[in-house]
Amino acid sequence: MNKTPELLAPAGSLDMLHTAFNFGADAIYAGQPRYSLRVRNNDFGKNDVLKEGIDTAHALGKKFYLVSNVMPHGSKTRTYINDMSPVVELKPDALIMSDPGLIMMAREAWPDMPIHLSVQANTVNGAAAKFWHKVGVTRVILSRELSFDEIEAIRQDCPEMELEVFVHGALCMAYSGRCLLSGYMSHRDANQGACTNACRWDYKVKPAEEDASGDVYLIEEAGRPNELMPIEEDEHGTYIMNSKDLRAIEHIERLTKMGVHSFKIEGRTKSPYYVARTCQSYRAAIDDAAAGKPFNPALLGQLEGLANRGYTDGFYQRHHDSEYQHYLRGHSLSGRSMYVGEVLEYDQASGRAKVDVKNRFAVGDKLEILEPEGNHDITLDAMWNLKNEAIDVAPGSGHFVWIKLQPKGKHIYIARYVNE
């Protein structure tokens with residue numbers, strides 16, 4: 001039996017927090033806009049909501065980590081302690097931080113508050129892990145750019161430090177998010193939490209004249225027609241284009257055996273359905289790994305039900321053979337589905353559930369019902385609009401329908417199989 005690692009989920013709202021815990025998360029992380037690298041307003045920017053979230057987590061025996069990982073300019077260092085003191089009094093289980101100055105200030109002001117080192121600090125070796133342990137950090141979130149061998153070496157070099165790794169979500173084309181592209185393109189600093197994800201915009205590549213340094217191309221961003229920018233490609237590739245999303249569920253068993261303490265899912269700005277699907281899948285993979293069971297490849301297909309830019313396992317393995325690629329593709333396609341609705345309420349008299357439609361589905365479709373107690377499939381044989389009129393199609397977002405369904409609790413989501 002292996003020690004069971006923590007499943008750590010993102011939460012940008014109380015709804016996401018409840019969903020994450022219902023679908024198997026052991027802990028969530030959330031941030032406040034001023035000191036987090038997600039400046040968009042969210043529920044937890046208000047201390048009363050933050051208190052409710054922390055109290056809810058603790059009542060369930062779960063943990064709540066507060067993200068405070070901004071790369072602060074001087075003005076933010078001068079307001080940090082006063083702004084954060086009321087927040088620390090709410091007793092989050094740890095602060096996730098990256099700046100050495102803020103970490104020093106936090107250790108002096110709140111010596112009993114655990115500090116987790118953010119991925120933004122770019123920890124890539126055991127010596128760095130030892131350094132951070134000596135200054136009072138209890139957990140290091142390792143850089144995404146590390147291989148299995150490098151993670152295992154850090155585990156051996158610094159066995160006293162808790163290690164956390166990302167296993168799912170968006171990847172950044174810069175080094176663990178330290179990017180200037182957003183600031184250059186739209187004057188919004190990614191290192192202050194204002195990233196516009198400029199690496200994911202629509203670019204067109206146009207040929208230009210070659211020079212002695214290699215191939216040169218011109219790129220044109222869709223929002224800036226006729227503004228051509230030179231870009232070079234060397235033997236390592238081109239660094240301004242979109243990245244695939246990270247999916248490392250097939251490596252949970254190996255990382256568990258290494259002694260990784262926590263598996264982290266990225267996505268504080270994503271939907272509750274995203275949290276439900278990822279938590280449910282990774283919970284199953286973690287429990288199997290802890291029990292010594294082999295990986296269940298059907299979990300790959302479950303994650304295809306999420307909107308994604310294509311999946312990669314990042315830097316964990318440098319090279320994959322053709323058999324490995326075929327294995328992943330075959331199992332991914334077999335369970336592919338699309339998020340189509342969320343159950344809002346249940347009418348016991350009629351045996352119908354009211355559904356907030358997210359994407360099109362129709363009578364005759366095979367649907368997957370996601371519930372914390374376990375998923376099941378149905379074939380939809382009838383549907384009604386809010387006027388109680390029988391209809392054949394739920395057109396898409398903005399519509400509400402009733403279907404025959406007896407949900408077992410809250411946070412129930414519906415997906416439509418696309419390969420049936």
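Right above here is the structure, for reference.
Values in this document were obtained by computation on a predicted structure and should not be read as measured data.

With respect to the nonpolar core
So, point 1. In this structure, Phe64, Leu95 and Leu255 are the most contacted members of the largest nonpolar core, which totals 92 residues.
So, point 2. With nine residues, the top contributor of residues to this core is helix 9 (residues 272-290).
So, point 3. Those residues within four positions of Phe64 in sequence are excluded, and the remaining contacts are Leu17, Ile28, Ala30, Phe44, Leu50, Gly53, Ile54, Ala57, Pro92, Asp93 and Ala94.
So, point 4. With 17 residues, the next largest nonpolar core counts Val340, Ala353, Leu405 and Ile412 among its residues.

Let's talk about empty space enclosed by the protein
So, point 1. Overall, the coordinates contain two cavities of 30 Å³ or more when judged by the stated rule.
So, point 2. Approximately 80 Å³ is the volume found for the largest cavity.
So, point 3. Surrounding the largest cavity, Leu142, Ser143, Arg144, Val165, Phe166, Leu171, Leu246, Asp313, Gly314, Phe315 and Tyr316 form its lining.
So, point 4. As a volume, the second largest cavity reaches approximately 40 Å³.
So, point 5. Lining the second largest cavity, in full, are Ile249, Glu250, Ile252, Glu253, Ala285, Asp288, Ala289, Lys293, Pro294 and Phe295.
So, point 6. Listed by contribution, the elements that provide at least two residues to the lining of the second largest cavity are helix 8 (252-258) and helix 9.
So, point 7. Considering every element that reaches the lining of the second largest cavity, the biggest residue donor is helix 9, with three residues.

Focus on the environment of Pro395
So, point 1. As for its placement among the helices and strands, Pro395 is situated in the loop between strand 20 (393-394) and strand 21 (400-404).
So, point 2. Residues Pro395 and Phe361, spaced 34 residues apart in sequence, show a C-alpha to C-alpha distance of 6.9 Å.

Describing helix 2 (residues 47-59)
So, point 1. Between its terminal C-alpha atoms helix 2 stretches 18 Å, which fits the 18 Å expected from 13 residues at 1.5 Å a residue.
So, point 2. Looking only at helix 2, the buried set comprises Val49, Leu50, Gly53, Ile54, Thr56 and Ala57. The buried residues of helix 2 occupy one face: seen down the axis, they fall within an arc of 160°. Exposed residues lying more than 90 degrees from the buried face of helix 2 are Asp48 and Ala59.
So, point 3. Buried residues belonging to helix 2 abut helix 1 (14-22), strand 3 (63-68) and helix 3 (74-88).

What about the environment of Val88?
So, point 1. Inspection of the secondary structure assignment puts Val88 in helix 3.
So, point 2. Residue classification places Val88 among the buried residues on the basis of a relative accessible area of 11%.
So, point 3. In this structure the C-alpha to C-alpha distance between Val88 and Met113, which are 25 residues apart in sequence, comes to 8.0 Å.

Side note on the packing of aromatic side chains
So, point 1. Following the criterion strictly, the structure yields nine aromatic pairs and no others.
So, point 2. When the centroid spacing of 6.3 Å and the interplanar angle of 50° are considered together, the rings of Phe23 and Tyr413 count as tilted. One end of the pair, Phe23, is in the loop between helix 1 and strand 2 (27-31); the other, Tyr413, is in strand 22 (residues 413-417), with 390 residues separating them in the sequence. The pair formed by Phe23 and Tyr413 is uniform in burial state, with each residue classed as buried.
So, point 3. Judged by centre distance (6.2 Å) and plane angle (65°), the rings of Tyr339 and Tyr413 are edge-to-face. Of the two residues, Tyr339 sits in strand 14 (residues 337-347) while Tyr413 sits in strand 22, which places them 74 residues apart along the sequence. In this structure, Tyr339 and Tyr413 share a single accessibility class: buried.

Looking at the side chain of Glu371
So, point 1. Tracing the chain through its elements places Glu371 in the loop between strand 17 (366-370) and strand 18 (376-379).
So, point 2. Despite its burial, Glu371 pairs with no opposite charge; the closest candidate is Lys408, at 4.8 Å N-O.

Structural notes on helix 4 (residues 100-109)
Residues spaced three or four apart along an α-helix face the same direction, because each turn holds 3.6 residues.
So, point 1. Considered for burial, the residues of helix 4 that qualify are Leu102, Ile103, Met105 and Ala106. Here the buried residues of helix 4 occupy an arc of 165° about the axis, which is enough to place them on one side. Helix 4 presents Pro100 and Glu108 as exposed residues on the side facing more than 90 degrees away from its buried surface.
So, point 2. Buried residues along helix 4 sit in contact with helix 3, strand 4 (94-97), strand 5 (115-117) and helix 5 (126-134).

Here we look at the pairing of strand 2
So, point 1. Most of strand 2 is tucked away, with five of its five residues classed as buried.
So, point 2. Burial of strand 2 is two-sided: the residues Ala27, Tyr29 and Gly31 facing one way and the residues Ile28 and Ala30 facing the other way are all buried.
So, point 3. Sheet topology places strand 1 (residues 6-10) next to strand 2; three bridges connect them, and they run parallel. Bridging across to strand 2, Leu8 finds its partner in Ala27.
So, point 4. Bridging between strand 2 and strand 3 involves five bridges; their strand directions are parallel.

Reading the values: rules and limits
- Residues numbered from 1 in each chain as written.
- Predicted model: local features only at pLDDT ≥ 70, side-chain atom pairs only at ≥ 80, totals over all residues.
- Heavy atoms only, no water.
- Core = buried A, V, L, I, M, F, W, Y, C linked by side-chain atoms within 4.5 Å.
- Buried < 20%, exposed > 50% of the residue type's maximum accessible area, 1.4 Å probe, protein only.
- Helix = DSSP H or I, 4+ residues; strand = E, 2+ residues; numbered from the N terminus.
- Contact = heavy atoms within 4.5 Å.
- 1 Å grid on protein atoms, 1.4 Å probe; cavity = no way out; pocket = protein on both sides within 12 Å on 5 of 7 lines; lining within 4 Å.
- Points joined across faces, edges and corners; volume = space filled by probe spheres on them.
- Expected span 1.5 Å × (residues − 1).
- Arc of directions from axis to C-beta.
- Phe/Tyr/Trp six-rings, centres within 6.5 Å; stacked < 30°, edge-to-face > 60°.
- Lys, Arg positive; Asp, Glu negative; His and termini not counted.
- Salt bridge = Lys/Arg side-chain N within 4 Å of Asp/Glu carboxyl O.
- Pairing = 2+ DSSP bridges.

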